[in-house]
Amino acid sequence: LAVSAEGKSTMRNVFSITVEPEELWGESLVVITVKGNAFLHSMVRTIVGSLVAVGRGQRKPEWISEVLEARNRSAAGSCPRFGILARKLRRKACA
């Protein structure tokens, strides 16, 4: 548990994850969109890294279930911080 998370809830809700091919700046890319109410430090990189490992055939799709059941981030893959681009960040205004 990160020091910044001590004493705080680490419960987050991921509402959807989509994976789509896209042409951007003349490059063929895979765009992974993760929507949720909030994210923990490196949470999206962990999700993306795990999906990439499955997509490249380095892991079987069933491995994702094993990672989730382990409830331990170290069981998952990771994406290097230079391998991910945040294009749209949206926050709902607090009432």
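This text follows the structure it describes.
Overview of the structure. Everything quoted here is computed from the prediction, not taken from an experiment. (Residues numbered from 1 in each chain as written. Predicted model: local features only at pLDDT ≥ 70, side-chain atom pairs only at ≥ 80, totals over all residues. Heavy atoms only, no water.)

Structural notes on the overall build of the protein chain
When helices and strands are tallied, the protein chain shows 2 helices and 2 strands. Moving toward the C terminus, one meets the helices and strands of the protein chain in the order β-β-α-α. The 95 residues of the protein chain split such that 18% are buried. Sequence-distant contacts in the protein chain: of pairs separated by 6 or more residues, those separated by 24 or more amount to 43%. Summing over all exposed atoms, the protein chain offers an accessible surface of approximately 8,100 Å²; the carbon and sulfur share of this is 54%. (Helix = DSSP H or I, 4+ residues; strand = E, 2+ residues; numbered from the N terminus. Buried < 20%, exposed > 50% of the residue type's maximum accessible area, 1.4 Å probe, protein only. Contact = heavy atoms within 4.5 Å. Areas by Shrake-Rupley, 256 points an atom, 1.4 Å probe, with all protein chains shown as cover.)

Considering the side chain of S50
Locating S50 in the fold gives a position in helix α1 (residues 43-55). A distance of 3.0 Å separates the side chain of S50 from the backbone oxygen of T46, its partner in a polar contact. Those residues within four positions of S50 in sequence are excluded, and the remaining contacts are W63, I64, A76 and G77. (Polar contact = N/O pair within 3.5 Å; in protein donor to acceptor, adjacent residues only side chain to side chain.)

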